[in-house]
Amino acid sequence: MAIEKALYTATATATGGRAGTAKSSDGALDVVLTTPKQLGGDGAAGTNPEQLFAAGYSACFIGAMKAVSARQKIALPAEVSITSDVAIGPHANKPGAFGIQVDMKISVPGMDRAQLEALVATAHEVCPYSNATRGNVDVTLTIV
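Residues numbered from 1 in each chain as written. Predicted model: local features only at pLDDT ≥ 70, side-chain atom pairs only at ≥ 80, totals over all residues. Heavy atoms only, no water.

J.: Before we go on, may I ask you to explain helix 2 (residues 113-126) in this structure?
T.: Turn by turn, an α-helix covers 3.6 residues, leaving residues three or four places apart pointing in a common direction. Its 14 residues place the ends of helix 2 20 Å apart at the C-alpha level, agreeing with the 20 Å of an ideal helix rising 1.5 Å per residue. Every buried residue belonging to helix 2 is among Leu-116, Leu-119, Val-120, Ala-123 and His-124, and all of these are buried. Each buried residue of helix 2 lies within a common arc of 140° when the element is viewed along its axis, so the set occupies one face. Considering only its buried residues, helix 2 is in contact with helix 1 (49-71), strand 5 (98-107), helix 3 (128-133) and strand 6 (138-143). Two to three positions downstream of the cap, the backbone nitrogen of Ala-114 sits 3.3 Å from a side-chain oxygen, assigning the N-cap of helix 2 to Asp-112. (Helix = DSSP H or I, 4+ residues; strand = E, 2+ residues; numbered from the N terminus. Expected span 1.5 Å × (residues − 1). Buried < 20%, exposed > 50% of the residue type's maximum accessible area, 1.4 Å probe, protein only. Arc of directions from axis to C-beta. Contact = heavy atoms within 4.5 Å. Polar contact = N/O pair within 3.5 Å; in protein donor to acceptor, adjacent residues only side chain to side chain.)

This is the structure:
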């Protein structure tokens with residue numbers, strides 16, 4: 001999928017893979033990467049690509065919800081939160097490959113359920129993470 005025009009470009013460099021570091025070009029992100037015990041690592045202090053993906057997708061999806069609600073002139077409560085579980089494991093249809101799946105739990109207290117369901121469905125069409133992963137990652141959206 002191509003974009004018409006880049007409005008912003010983030011640049012980050014990782015070294016050492018899952019047992020290394022990742023830094024953004026502006027210095028705002030500077031993290032130690034470690035491999036979880038479940039993936040054969042020592043479980044040392046640090047983060048991993050799945051945690052970074054979960055945080056990024058959650059934040060981006062909230063941004064998509066805000067954009068859609070503004071366009072539709074719908075009041076979106078300030079207490080929006082999304083908890084994303086990003087799981088990694090052997091790919092079901094590609095022997096030897098790994099895949100991820102995402103389970104998002106979306107909380108918007110005080111909003112009409114039907115209106116929220118429609119908003120979430122539209123945000124899923126708008127969100128860049130949703131568009132980047134569509135067809136490649138199983139994404140479950142649950143309103144809690």
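So much for the structure itself; the text now carries on.
J.: Would you mind showing me how to read the domain arrangement of the protein here?
T.: Interfaces are often sized by the accessible area lost when the parts come together. With domains assigned, the protein is organised as domain 1 (1-47) and domain 2 (49-143). A separation of 20 Å is found between the C-alpha centroids of domain 1 and domain 2. Residue-level contacts link six residues of domain 1 with seven residues of domain 2. Of the roughly 590 Å² buried between domain 1 and domain 2 on both sides combined, carbon and sulfur atoms contribute 66%. Seen at the junction of domain 1 and domain 2, the total is two residue pairs in polar contact (both at pLDDT 80 or more). (Domains from an automatic or database assignment. Buried area = accessible area lost by both parts, 1.4 Å probe.)

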